Structure formats: C-alpha cells, structure tokens
Amino acid sequence: MVFISTVHVVISTNSVSKAGNRGILWMLAIASTFYCSSGYANGASAVQAKGTAANLASLSLEDLLKLRVVTSASRIAQHVQEAPSAVVVLTAADIQTYGWGTLGEALATLPGLYTTADRSYAYLGSRGFLRVGDYGSRFLLLIDGHRANDPIYDQASIGSEFMLDMDLVERIEYAPGPGSAVYGANAFFGTINVITKNGRDVDGVQAAASVGSFGDRKARITYGWRGKGNNDFLISATTHEKTGQDLYFREFDTPDQNNGIAQGLDYERGLKLLLKGTYEDFSFSVSHATRKKGVPTAPYETVFNQPFYTKDDQTLASIKYSRALTSTFALDGHVYAGRYDYRADSIPAWSAPQKNIDGSHAAWYGLDLHATLTSFHRHKIVVGTDLQRDTSKDQYNYSIEPYWSELDDHQTGSKAGFYVEDQITLPYDFLLNAGLRYDTRSDGQSSVSPRVALIHKLNPTTTIKAIYGTAYRSPNAYETYYAYSGEGGQERNLDLQPERITTQELVLDQALGDSTHATVSVFQYKIDDLISLTVNPETGLYVHKNMDRADGRGTELNVEHKWREGAMLRASYSWQLARDGVTNAVLDNSPRSMAKVNVAVPLFDNAVRLGTEFRYISARRTAVGDVPSYYVANLTINLPKIIKNGNLSFSAYNLFNKRYADPAGPGLVQDSIRQDGRTFLLKLTYGL
Amino acid sequence: MSVGVVSLLSYLGNVHPVLAQVDETALKAAFIYNFAMFTTWKTQPPEGAAFNVCVSHDSPLRAPLTELSGKSVDSRFWTVRTMPSASDASICQIIVYHPQKDGSAHEFASAVYANSVLLVTDGGEAQKNQAVITLALEKNHLHFDIDLGAAKKRGVSLSSNLLRLARNVYES
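Residues numbered from 1 in each chain as written. Chains lettered and ligands numbered in written order. Predicted model: local features only at pLDDT ≥ 70, side-chain atom pairs only at ≥ 80, totals over all residues. Heavy atoms only, no water.

(A) The overall build of chain A, seen in detail. Along chain A, the regular secondary structure elements total 9 helices and 36 strands. Counting across all 688 residues of chain A, residues that qualify as buried make up 59%. Excluding contacts between residues fewer than 6 apart, the proportion of contacts in chain A whose partners are at least 24 apart in sequence is 62%. When the accessible surface of chain A is totalled, it reaches about 27400 Å², and 58% of it is carbon and sulfur. (Helix = DSSP H or I, 4+ residues; strand = E, 2+ residues; numbered from the N terminus. Buried < 20%, exposed > 50% of the residue type's maximum accessible area, 1.4 Å probe, protein only. Contact = heavy atoms within 4.5 Å. Areas by Shrake-Rupley, 256 points an atom, 1.4 Å probe, with all protein chains shown as cover.)

And the structure:
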C-alpha cells in the first residue's frame with residue numbers, strides 16, 4: 001500500500017526544479033517497495049531466481065548436469081567464473097520483465113554498451129566507441145551460434161530489423177572484448193549470441209498481440225512441441241506494423257519543404273518467421289525476416305518529405321550435429337546457408353522526380369566443424385575450422401524512367417578460419433585460457449588473432465582475471481567495391497586491409513555476502529587501420545581508406561543484488577575516454593560516463609511483476625556540436641495471473657517524456673536526430 | 001537448450017555465470033522428468049490418461065515432483081500419487097524411493113509388477129538397491145547411475161542418449 005502511494009506522488013509531480021531530481025525520486029520510490037513487498041515470489045527465470053522443479057524441467061539433461069546444488073541456506077551459488085571474459089546473460093524472463101522490444105533495448109542495459117538510432121537503423125557502441133552509420137559491424141551477432149552479420153555491410157542488426165521476435169529469445173549472451181580468437185571477423189568489441197527458445201519452452205500453441213503508440217501493432221503465433229528425449233519442434237510467425245509519426249526537422253524548415261515536416265514517413269512493417277527442431281543428435285533452424293522502413297530524414301541528398309524507404313530481407317538456415325563420441329571427445333558440426341537483400345527506394349535531389357534504387361544482394365553457405373577434447377588431464381581443448389563461400393556479393397544502383405545504371409557490381413569470395421583454444425587448469429587455483437585463430441580470404445587478406453586470459457580464484461568469493469586479446473574487422477563489400485561516377489561520386493578501394501584492435505582488461509569478480517555480487521573491470525584498447533571515408537585528392541571522389549587510429553580506456557562497475565522475496569536489482573556505472581589516435585581529440589558520439597539501473601519487483605504473491613529501468617548517458621560530441629546528457633526511465637508491469645495461461649503487460653517507455661537526441665551519421669544533413677518521447681505498449685500473451 | 005546449440009559458454013568455459021541457485025530436490029525432480037523422456041515402457045497399464053509417478057507421502061521429492069503435474073509424457077499427463085502397497089503398484093510408471101528412508105524400499109525393489117515400471121532411487125548403491133536409475137550427489141553436482149539388468153527386468157528400455165550422460169552404466 002505504501003509503495004503505491006509513493007509511486008503516485010512521483011508521477012503526479014509536475015514542477016521539477018532539476019531534471020535529475022525526478023530520476024532520483026523515481027529510484028527512491030522503487031527502493032521503498034523493497035520494504036513493502038510481501039509474499040514469497042517464485043523466480044520467473046529458470047536460473048536467475050530460485051530454481052523450481054518446473055523451471056528446471058525445461059532444461060536439457062546436459063544443462064542439468066552442469067548445475068551446482070546449493071545445500072546450504074545461501075541464495076547465491078559459488079560463482080565460479082571460468083570464462084575468459086565477463087560474459088553477461090540476459091534471460092527470457094528479463095525480456096518480459098523489462099519489456100524489451102528489440103535486441104538493442106536489452107543490450108543498452110549492460111555496462112559499457114549504448115545504442116544510437118537514426119530512424120532507419122539502430123547501432124551498437126561499446127566502451128565509448130560508436131561510429132554512426134558503420135552498421136554495428138564491430139560486433140559479431142550470432143543466432144544460436146551461427147553468424148548473422150550479412151556479407152555486404154557486416155551489420156549486427158539490433159533494431160526492429162533484427163531477425164527474431166524477442167518473445168522467442170531464450171537468452172542473450174554478451175561476451176565483451178575481442179572474440180576473434182574463436183569467432184573470426186567482427187568480434188571486435190564484443191560477441192552477442194542470441195539463443196532461441198525450443199518447442200518445449202512453448203509446449204503447445206501460444207499467441208500474442210500488442211498495440212502501442214503511433215499505431216504500433218504486432219501479432220504472433222507460435223507452436224511448440226516436445227517429443228522423446230531431445231526431440232523438439234517449434235514454428236512461429238510474427239507480423240508487425242507501425243504507422244509512425246510526422247516528424248519535424250529544423251534543417252528543412254522552408255515553405256517549399258513542407259516547413260520541415262516529414263509526413264507519414266516514419267512507418268515500418270515486417271514479418272519474422274522461425275522454424276526449428278531437434279531430432280536425436282541433429283538440429284535444424286530456418287529463420288526469415290523482412291522489414292520495410294520509411295525514412296523521414298532525407299539523407300544522401302534526397303528530396304525532403306518524398307517517399308524514401310529501405311527494405312531488408314534476410315534468411316538464415318542451418319543444420320547442426322552434435323555428439324559426444326567418447327566421454328572425452330565431442331564433435332560439433334554445422335552446415336549453414338544464408339541470403340540477404342537490401343533495397344532503398346528514394347528520390348535524389350539531383351534527379352528529381354526520377355526515382356533511384358540502391359541495393360545489394362548476398363548469398364552464402366558454409367561449414368563450421370569443431371571438436372572438444374578433455375582427454376588430457378587438466379586441459380580442455382577446442383579445435384575447429386570455419387569455412388564459408390560467398391556465392392554472390394552484389395551491389396547495384398540505378399535510376400528509373402529513364403533507366404540508367406550507375407553501379408552493377410558482382411563479387412564472389414571465400415574464407416577459411418582455423419582456431420584452437422585450450423583451457424588449462426593450473427595449480428593454486430589458476431586457470432589459463434589461450435586461444436588463437438588464423439583467417440584467410442580469397443582476396444588475399446589474412447589475420448592472426450590471439451587471446452590469453454589468466455584467471456585466479458583468490459578465495460571462495462573472489463576471482464580476478466587478466467585478459468589480453470586482438471580482434472579484427474575485414475573491410476565490408478560496401479567499403480571495398482561500392483562506386484558511382486560524377487561529381488561527389490565514390491570509388492572502390494581494393495587495397496583495404498582489416499582494422500585491428502588490441503585490448504587489455506583486468507576484471508575483479510566479488511561475491512559480497514549471500515545475495516550480492518559485484519564486478520569491476522578496467523580496460524584499455526587501441527585500434528589501428530580504422531577505415532574512414534575521405535576524398536582522393538587525385539580523382540576528387542570519395543574513397544574508404546585505412547587511415548585512422550583510436551584508443552580508449554576506462555572502467556566498468558556492475559552490482560547485482562537479490563532479495564529474499566524475489567526482487568532483483570542490477571546497477572552499473574562506466575567511465576570511458578575514447579580518443580582519436582591522430583588528433584587526440586575525444587571521439588564523436590562517445591559518452592564519458594553512463595549509469596544504469598534495472599529493478600524487478602514481484603508483488604501480491606507474484607500476481608504483479610514490476611520492471612523498471614533507468615539509464616543516464618553523458619553528453620556526446622556530434623560532427624558540429626554536441627548532444628546534451630540525458631536520462632531515460634522505462635516501466636513495465638506484468639500481470640501473469642490475470643487469466644489462466646496468459647500474461648498481460650503494460651509498458652511505458654521514456655516515462656518522463658525526456659527530450660533527447662542521438663548524433664547523426666554521415667549522409668544526414670541533421671547534426672542529431674531527436675528520439676521518441678513517452679510511448680506506451682499493451683501486450684497480451686495467451687497459451688493454449 | 002537442445003543438443004547442438006552453440007552457447008558462448010561452451011567455448012568460454014562450461015559455467016553459467018548468471019547467479020544460479022539450485023535446490024537439491026527441485027533438481028532431482030527435473031532429472032526424473034528428463035529420465036521419463038528417454039525411457040520406453042514395453043508394457044503400459046491399459047486405460048487412463050495419467051502417467052503415474054509414485055512416491056511415498058513423506059518423501060522430500062514429493063513436492064517438487066508434484067510441481068510438474070500436468071506435463072505431458074508420452075501423451076499422458078504427469079500425475080503424482082502416494083505410493084500404494086507393492087501389490088497395487090502396477091498402476092505406476094515411475095516409482096521413486098529412498099533406500100535409506102523408506103522402510104518398505106526393499107519391498108518395492110523386489111516386487112514383481114504386472115507392467116513396466118521405471119524404478120528410480122534417490123541415493124543408495126546402484127545394483128544393490130535394485131533400481132534402474134540411481135541418483136547420486138557428488139561434489140555438489142547431481143549424477144545418475146544406470147543398471148541395465150534392472151531395466152531389462154522391469155521392462156523399460158533406455159535411450160542411448162541417456163546412457164551416454166550417465167556416470168556409470170552397469171550391465172549386470
């Protein structure tokens with residue numbers, strides 16, 4: 001009762017002296033609930049709260065065998081961290097508790113990570129480094145362990161163009177730091193692995209429908225089936241559509257440009273399909289997603305307030321085989337294929353009213369085979385190979401009426417990677433993890449990526465890790481081959497080499513008492529051969545070149561606490577300084593500090609589950625100025641018991657309607673893009 | 001997480017870094033449910049939609065096993081029943097007993113049942129306790145031993161996927 005009245009006071013406060021006070025008031029309101037909530041709540045997540053039989057029964061035997069039994073009264077198991085990185089896991093329960101609608105919204109709550117959006121795509125940044133428009137290519141995005149970055153832009157799609165409906169995500173694993181020693185290209189700042197649900201997690205038919213602000217509507221139908229042993233099947237389809245808003249852009253405020261108002265151009269619609277199954281030692285998966293998004297910002301010198309849309313289509317298919325041949329030798333293989341199509345329809349200013357189509361098409365297939373050996377005492381060795389053939393990497397650009405082809409480029413290629421990783425148990429509670437990968441491509445580029453981590457368990461509650469590693473990002477097809485003639489045109493650069501990052505990190509993992517856990521990390525990185533767009537003085541055309549350097553250092557602190565009644569808190573603070581290696585100036589779009597809090601509170605014997613999150617990002621430079629610091633608060637209320645087999649949730653995003661903007665990328669006239677104010681979402685999920 | 005999913009953790013160390021608190025009896029119940037998934041019963045009781053899991057009324061596993069009620073096994077519904085006398089136990093598909101605690105454990109173990117039954121014990125020594133599957137806690141991890149001779153005697157057949165995950169497999 002006290003909780004509800006406290007919240008009421010916060011929401012109805014209209015006069016605010018300083019924006020920051022409101023945020024603090026909000027946090028205090030949540031803190032007061034900890035003393036008022038009653039009832040013993042069941043953990044919503046299989047492993048984050050108390051593991052109940054019902055939750056555990058949905059795990060496979062392989063996973064159950066790995067769990068530690070805590071026979072004492074402590075609520076936190078011995079936190080044995082053997083990973084050569086501070087891997088963080090977000091679960092399906094978190095996604096539902098906090099109402100994350102996209103992968104980006106989930107990742108933005110993690111320490112050191114932040115997103116930037118330009119009403120077209122969403123981009124991910126880490127440790128103070130985010131170049132808008134670089135398509136998030138410095139992160140490796142995996143879905144169930146297979147690469148989802150496309151071969152044209154190497155994009156890690158984290159916005160609404162992401163291939164999966166977030167309802168189908170079982171968990172998200174994020175490993176910060178260089179991951180090329182195992183995964184090869186693009187695991188530059190981190191590796192994101194999104195693991196999908198299985199038929200057994202749905203066990204029947206499930207339907208979901210949601211409506212939200214600006215004509216946001218979504219519907220999903222899923223069927224999951226569980227058979228004997230590991231046999232499993234899941235099929236799901238989601239359709240989403242959003243009308244969007246009319247948006248005002250000061251830079252285009254002239255009478256002949258509709259006074260700066262882009263009408264009805266922030267729309268989007270799409271479809272996401274997933275089909276997967278397991279039979280004995282084999283599992284297969286096919287996913288397909290398509291998204292059409294209106295572009296209201298008139299980038300690349302297109303006519304303002306005229307139709308401009310982008311369409312992304314991606315299909316991924318894979319078949320996996322996994323078998324323990326002996327008790328010390330396991331083999332995992334997977335064969336995969338993919339297809340990607342991108343298209344942008346616009347009306348460039350120089351050719352209006354003639355339309356222009358810019359697009360790309362890629363098709364690829366590959367094989368990844370790795371063996372895990374534990375036959376040598378104290379060693380766990382993984383040896384593997386990753387082969388991929390790109391049968392097409394095409395880029396095109398043409399105008400219609402009259403038809404004029406500006407670009408029609410076709411490329412093929414292949415690449416091979418060989419990796420080995422050994423986890424060695426040393427005496428005196430030391431663990432050494434060493435990995436090395438060699439990658440070679442048909443265009444002659446090759447990379448060697450090592451990584452070493454030394455992990456030491458000081459005592460039952462303290463673990464320290466020292467990590468050194470390098471990672472690389474190959475120039476993508478766009479940077480290498482995209483070209484068009486004429487004034488302000490662009491030319492290819494076949495001499496582009498991979499970018500390289502070297503990172504050193506020191507991590508301290510500390511359990512504080514029974515229910516609290518803290519992680520502190522200090523890092524430093526150096527990036528060489530950073531690819532940037534410049535002008536070739538000889539031709540006057542734009543060209544991509546390995547010409548920049550960047551370095552960064554900082555610290556991240558993350559604390560998690562669980563209360564007996566089931567409430568949970570996760571708070572993080574990060575400080576980072578990222579500078580240009582040549583000029584020593586602080587990089588654009590690089591916040592100096594970030595603070596995040598996520599709190600989940602079960603109420604009324606778990607009939608109500610409250611999830612609230614708060615995020616503060618300090619000021620960031622833009623191309624010509626800066627965007628001020630901002631904070632955002634989101635609130636989601638879940639009612640899992642309101643109807644049998646159903647869940648009703650209500651979310652308010654940017655609860656305090658804070659005005660904030662993200663720096664805009666190249667190609668945009670605007671210096672920064674205003675983000676949405678307060679929006680709402682109502683969602684109903686029902687299982688049969 | 002089905003077989004074949006490549007988790008980052010399988011590369012980076014087989015440890016789940018998320019704070020995991022696992023209760024012993026809940027874990028045992030989850031194991032028993034999984035055993036059911038990997039078992040084929042050669043003869044079934046003729047009627048009924050219930051998949052009967054019989055356990056004594058004061059067993060610590062009774063509550064977590066009951067949490068799984070309604071889950072489907074072989075198109076029947078998981079139902080937990082109090083252990084009837086050995087002579088009436090033919091309705092059970094799974095019998096869970098504790099060799100040290102259940103005074104009549106020996107009776108269940110040596111009785112002959114009209115239908116196939118999966119005998120699972122919590123603790124005790126495999127082969128001696130006459131169970132098909134024996135659960136054992138070793139260094140804070142739960143393991144299980146399989147007695148193939150007992151399986152044959154009880155008319156159940158276990159999938160090779162289950163055998164490969166067992167700590168010990170006895171032919172007897």
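(B) Region of interest: the state of the cysteines. Residues and elements named next belong to chain B. Enumeration over the complete set of coordinates arrives at 1 disulfide over all chains. Between Cys54 and Cys92 runs a disulfide, and the two sulfur atoms are separated by 1.9 Å. Disulfide Cys54-Cys92: the torsion about the S-S bond is -95°, which places it as left-handed. With a gap of 38 residues between them, Cys54 in strand β3 (residues 50-55) and Cys92 in the loop between β5 (76-82) and β6 (94-97) connect regions that are remote in the sequence. In this pair, the class of Cys54 matches that of Cys92, namely buried. (Disulfide = S-S within 2.5 Å.)

(C) Layout of the pattern of salt bridges. All names here are of chain A. The tally for this structure, following the rule as stated, stands at 36 salt bridges over all chains. Residue Arg138 is joined to Asp134 by a salt bridge in which the shortest nitrogen-to-oxygen separation is 3.0 Å. As far as the burial class goes, Arg138 and Asp134 line up, both buried. With a closest N to O distance of 3.3 Å, Arg217 and Glu241 form a salt bridge. With Arg217 in strand β10 (residues 216-226) and Glu241 in strand β11 (residues 232-242), this pair connects stretches of sequence that are 24 residues apart. With relative accessibility at 38%, the residue Arg217 sits in the partly exposed group. (Salt bridge = Lys/Arg side-chain N within 4 Å of Asp/Glu carboxyl O.)

(D) Summary view of the sheet that holds strand β9 (residues 141-147) of chain B. Residues and elements named next belong to chain B. Ordered in space as β4-β5-β3-β6-β7-β8-β9-β11, the 8 strands form an open sheet in which the pairing is mixed. Bordering the open sheet on either side are β4 (72-73) and β11 (168-170), each of which pairs with just one other strand. Sheet topology note: the β3/β6 ladder contains 3 bridges and is parallel. From the neighbouring strand, Val53 faces β6, where its bridge partner is Ile94. The strands that helix α2 (residues 24-37) touches are β3, β4, β5, β6, β7 (118-122), β8 (133-138) and β9; relative to β8, the one it contacts most, it runs at about 145°. (Pairing = 2+ DSSP bridges. Axes fitted to C-alpha atoms, helices over the stretch in contact; angles between N-to-C directions.)

(E) Expanded view of the confidence of the model for chain A. Overall, the prediction assigns chain A a mean pLDDT of 86, with 90% of residues at 70 or greater. Here residues 1-50 of chain A scores under 50 on pLDDT; set against residues more than four positions off or in separate chains, the count is 81 contacts. (pLDDT = per-residue confidence, 0-100.)

(F) Region of interest: the pairing of strand β23 (residues 462-473) of chain A. Residue and element names in this part refer to chain A. Among the 12 residues that make up β23, 9 are buried, leaving the element largely enclosed by the rest of the structure. In this sheet, β23 lies alongside strand β22 (residues 446-459) in antiparallel orientation, the contact comprising 8 bridges. Looking at β23, one finds that Leu454 is bridged to Ala466. Linking β22 to β23, which pair antiparallel, is a turn of 2 residues. Two strands pair when backbone bridges link them, and β23 and strand β24 (residues 499-512) are joined in this way by 12 bridges, in the antiparallel orientation. For Lys465, the partnering residue across the bridge sits in β24 and is Val507.

(G) Geometry of the nonpolar core. In terms of nonpolar packing, the biggest core is built from 69 residues, with A:Leu103, A:Leu107, A:Ile172, A:Ile192 and A:Ile527 touching the most fellow members. Membership of the second largest hydrophobic core comes to 62 residues, among which are A:Leu56, B:Ala30, B:Ile32 and B:Tyr33. (Core = buried A, V, L, I, M, F, W, Y, C linked by side-chain atoms within 4.5 Å.)

(H) Geometry of the sheet that holds strand β7 (residues 169-176) of chain A. Residue and element names in this part refer to chain A. Judged by pairing direction, the sheet is mixed, and its 5 strands sit side by side in the order β2-β7-β8-β5-β6 without closing on themselves. In this open sheet, the two edge strands, each paired with only one partner strand, are β2 (88-91) and β6 (146-147). By the bridge criterion, 5 bridges tie strand β5 (residues 139-143) to strand β8 (residues 190-196) in an arrangement that is parallel. Paired with Leu141 across the two strands is Ile192, which belongs to β8.

(I) Examining unusual backbone geometry more closely. Residues and elements named next belong to chain A. With omega at 0°, the peptide bond leading from Ala352 into Pro353 counts as cis. Among the secondary structure elements, Pro353 is positioned in the loop between β17 (329-346) and β18 (355-373). Not every positive phi belongs to a glycine, and Tyr300 is a case in point at roughly 55°. Secondary-structure assignment places Tyr300 in the loop between β15 (282-294) and β16 (309-326). Although it is not a glycine, Asn645 sits at a positive phi angle of roughly 65°.

(J) Fine view of α2(B). Residue and element names in this part refer to chain B. Taking 1.5 Å per residue, 14 residues should reach 20 Å; α2 reaches 20 Å between its end C-alpha atoms and fits that length. The element α2 is largely enclosed, with a buried count of 12 among its 14 residues. Those residues of α2 that sit buried are Ala26, Leu27, Lys28, Ala29, Ala30, Phe31, Ile32, Tyr33, Asn34, Phe35, Ala36 and Met37. (Expected span 1.5 Å × (residues − 1).)

(K) Quick peek at the side chain of A:Gln155. All names here are of chain A. Structurally, the position occupied by Gln155 is in the loop between β6 and β7. With a relative accessible area of 3%, Gln155 lands in the buried category. For Gln155, the residues in contact, after removing those within four places along its chain, are Tyr121, Tyr135, Ala148, Asn149, Asp150, Glu161 and Tyr340.

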